[in-house]
Amino acid sequence: MQVQGRGFRWGVYGVLTLVIVAGLGLSAFMANKAENFGKALRPLLNVNLPAYEHLAEFEHAVLLYQLALNKYATQSIDHDRFVMLTTNQREDMKRGLEILLRDFPGHTDVAPIRAASSRLLPLAGRLDGMLADPTNAGSGTRDLLQQANRYTNDIRDQLVQLKHDATTGLEQAQALTHTNIESMSRLVHAYTLLTLAASLFMMYHVRARLRSEHQLAIQASHDPLTDLANRRSFERRLRHIKGQPHTLALGMIDRFDRVVGGLGYTFADRLMREIAQRVRAAAEQHGGEVFRLDGATLAVLYRGKEASTAPGTAASNAAKTAASTAAGAESHTVASMVGGAGATPDALETLREAMRRPFRFGKHEVFPSLSLGSADYPAQCSDVGQLLTHADAALRAAREAGGDIVIPYSDAISQQTRHNLHREAQLAHALERDELVLHYQPQERLDGSGLAGFEALLRWRHGDALIPPAEFIPIAEESGLIIPIGAWVLEQACRQARLWQELAPDRPLVVAVNISPRQFGHPDFLNRVSGILAETGVDPTRIELEITESMLMQDHGRSEHLLRALRELRLQLAIDDFGTGYSSLAYLKRFPVDKLKIDQSFIRSLRPGGNDAAIVRAMINMAHHLGLRVIAEGVETATQREWLRDWGCDEIQGYWYGKPMPAESAGFFITEAPASA
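None of these values were measured; they are calculated from a predicted model.

Let's talk about the environment of Pro-245
- For Pro-245, the position within the fold is in the loop between α6 (231–238) and β1 (246–253).
- For the pair formed by Pro-245 and Ala-379, sequence separation is 134 residues and the distance between their alpha carbons is 8.0 Å.

Here you go:
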């Protein structure tokens, strides 16, 4: 989206200011011109035009006076008519002469008019007297009329000059008026052009603003990275499906955080865009709408028959995958969820198929998978708001089952989710209520020296019930409560080890403490361990930290650095559940560990000549070649103990030697340990 900068905004303000200032300036200019018009036209209206009219009236009176003389001399009018006409015209001439003196004060042409008029006016009386005496009528009358004609022409000649002067004033006023009108017209045209330019500029700005607002509206409803509709659009879409059958599938990209951590955000963004394109193409084949809810979570909404279920084999396969990837009670729970969920939507299988092809970017090739959880509306929920909750619960079950699986929602999933939330709330108060306690399971040396130490095992007694670790440890790990709980376990184990150190100072008994993945990955883990050792005053050589091989391999560079720092604190280090992970021998020989702990899954079905026996003997030999001690857990029979001793195993732990017990019972175990065979 093109965002208009500060300079562009100031340009808009500048244009608007220019238009306003120009309008005000034009108004002021036109007001000034109007005032000048008034000043210019005032003499024209008040002096020049009336004076011009007065000249015409005076000339008319003179001509009528002369005409009366001529008519009377030729006897065209009688005496009474002549007297009336000459009397009226004489009055008009006198009045006109006074007006001329007023209109043209000091004008050189007014005096000759006045003189000629004074000589013309008496001629009427003289003509009347001549015509009354017939003896003098002849030549005297002609001479008088000639005089009258001469005086009239003199007056008219002077009037012509006065008219010329008046006309010149009128022409000057007209020229001034024309000039002012032209200047005003030019300014009005200029202002019109300026207004037109400003209007065009504002139209462009408004268009750019509308385009920007449109782009902002798109960005407000779409994810800028993938161009998929975002969470706000998804929530708005959900509100409009009320009463219409829909299937919602929530998908999460498995191990996407590893891509970010290993290849960087730029590569992860490219991968996310490519995944979004594939998922959108696969979803649109079945009429699905795709949304990106957050970092690695996508939502696909299918409507009506497009979300029809596929054959039940898909769900059966999902159940088998879930059961095979989970362990213990957790595996049984997930498998039961899937088994009761019904058929997997065929459209969701298309989504998973789209992810099976590798993603290639340059020299990198990535194989991400997609965990999917689905829920149907209104078949599985009466409220649209519950649809997202149910689909999220199914997605969580899919991820807990190991990922790359489709799990439809079922009531069992909902019950398990509510149970876990309830357990999490109870577990949050377990420390403050002193409900957590440590039990200690003894470990035996197979060289005949007896007790080697104990493993500290966490127990939670809530009310009258003893909650199994397999139930609450995963909840603590997922919720983050394992951080304070793990610190408490380590502190209590160190305090107990300090007491046993004082009880049996000559016996190098070791207390083993399990470290969770979140503990080991916490940036403050080393400082916490160091602080606990200093606070409890225990001999660090009496504490053994058990870390799984999968934890070490997540970031082997950091793991190696951290293990060496723990070794500098003189702690003993063991790799727990050895054989169940994917550790590399190349890295294993670099890690500064003291002991390998063979997982009980290899001991449970141990028998000579079997595969487990071959694996156990190989692990013992390999560990000894690396200079490491070996302890086997889950030893429950004397026969298993004898086999392990014959194969060179250093230590054992299991029900045969001792069950987990409170610290008080373990204390008696130190002083009265069972004899070793």
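Description of helix α23 (residues 663–671)
- Turning to α23, its buried residues number three or more, namely Ala-663, Ala-666, Gly-667, Phe-669 and Ile-670. Taken around the axis of α23, the buried residues stretch over an arc of 155 degrees, which confines them to a single face. Residues of α23 that are exposed and point more than 90 degrees away from the buried face comprise Glu-664, Phe-668 and Thr-671.
- Packing partners of the buried residues in α23 comprise β8 (436–445), β9 (450–462) and α14 (482–503).

Digging into the sheet that holds β1
- If you walk across this open sheet you meet the five strands as β2-β3-β1-β6-β7, and the pairing is mixed. Either end of the sheet is taken by a strand with one partner, and the two such strands are β2 (289–292) and β7 (406–408). Direction aside, neighbouring strands of the sheet carry axes that sit 20 degrees apart on average.
- As paired elements, β2 and strand β3 (residues 297–303) share four bridges and run antiparallel to each other.

Quick notes on the pattern of salt bridges
- The final tally for this structure, using the stated rule, is 29 salt bridges.
- Arg-292 is the partner of Asp-223 in a salt bridge, and the nearest nitrogen-oxygen pair spans 2.9 Å. With Asp-223 in the loop between α5 (138–221) and α6 and Arg-292 in strand β2, this pair connects stretches of sequence that are 69 residues apart. Summarising the burial analysis for this pair, Asp-223 and Arg-292 share the class buried.
- When the shortest N-O distance is used, the salt bridge between Arg-360 and Glu-365 registers 2.8 Å.

Considering empty space enclosed by the protein
- What the rule picks out here adds up to three cavities of 30 Å³ or more.
- Considering only enclosed or pocket space, the largest cavity measures out at about 90 Å³ in volume.
- Taken together, Ile-483, Gly-486, Ala-487, Leu-490, Gln-519, His-522, Asp-524, Phe-525, Arg-528, Val-529 and Ile-532 make up the lining of the largest cavity.
- Listed by contribution, the elements that provide at least two residues to the lining of the largest cavity are α14 and α16 (525–536).

Definitions and limits used
Residues numbered from 1 in each chain as written. Predicted model: local features only at pLDDT ≥ 70, side-chain atom pairs only at ≥ 80, totals over all residues. Heavy atoms only, no water. Helix = DSSP H or I, 4+ residues; strand = E, 2+ residues; numbered from the N terminus. Buried < 20%, exposed > 50% of the residue type's maximum accessible area, 1.4 Å probe, protein only. Arc of directions from axis to C-beta. Contact = heavy atoms within 4.5 Å. Pairing = 2+ DSSP bridges. Axes fitted to C-alpha atoms, helices over the stretch in contact; angles between N-to-C directions. Salt bridge = Lys/Arg side-chain N within 4 Å of Asp/Glu carboxyl O. 1 Å grid on protein atoms, 1.4 Å probe; cavity = no way out; pocket = protein on both sides within 12 Å on 5 of 7 lines; lining within 4 Å. Points joined across faces, edges and corners; volume = space filled by probe spheres on them.

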